[in-house]
Amino acid sequence: MSTRPWTLGTIRDMNLQLEAACVEPSCGWFTTYDIDKMITEFGADCELPTDAGGLTCGQCGAPVDFGLAAKAKRAAAG
Ligand SMILES: [Zn+2]
């Protein structure tokens, strides 16, 4: 059972966007992360947190679900 961990570099290479959403439907807190900024800060080899050990909702304190979403491709990548 060896799943390759997602790293910030993988997400960037696949042109994905990292999102986090509160598990409480009534809360609706949602955020997206700036991958380029995170790579600058943590490095492209930084692995994503795979369980709800760290991050909590910024609004109500409940756990958050991570998600990866495809970014709309730009004509000129920059
Ligand atoms: Zn919340």
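Residues numbered from 1 in each chain as written. Predicted model: local features only at pLDDT ≥ 70, side-chain atom pairs only at ≥ 80, totals over all residues.

Caption draft 1: Fine view of unusual backbone geometry. Even without glycine at this site, Asn-15 takes up a positive phi of about 60°. Within the secondary structure, Asn-15 is located in the loop between α1 (8–13) and β1 (16–22). On the basis of neighbour counts, which here come to 13 C-beta atoms within 10 Å, the residue Asn-15 falls in the partly exposed class. (Helix = DSSP H or I, 4+ residues; strand = E, 2+ residues; numbered from the N terminus. Buried ≥ 20, exposed ≤ 12 C-beta atoms within 10 Å, placed from the backbone.)

Caption draft 2: Fine view of the environment of Thr-31. Within the fold, Thr-31 resides in strand β2 (residues 30–32). When the C-alpha positions of Thr-31 and Gly-58 are compared, they lie 9.2 Å apart, and in sequence the two are 27 residues distant. Setting aside its immediate chain neighbours within four residues, Thr-31 contacts Glu-19 and Ala-20. (Contact = placed C-beta atoms within 7 Å.)

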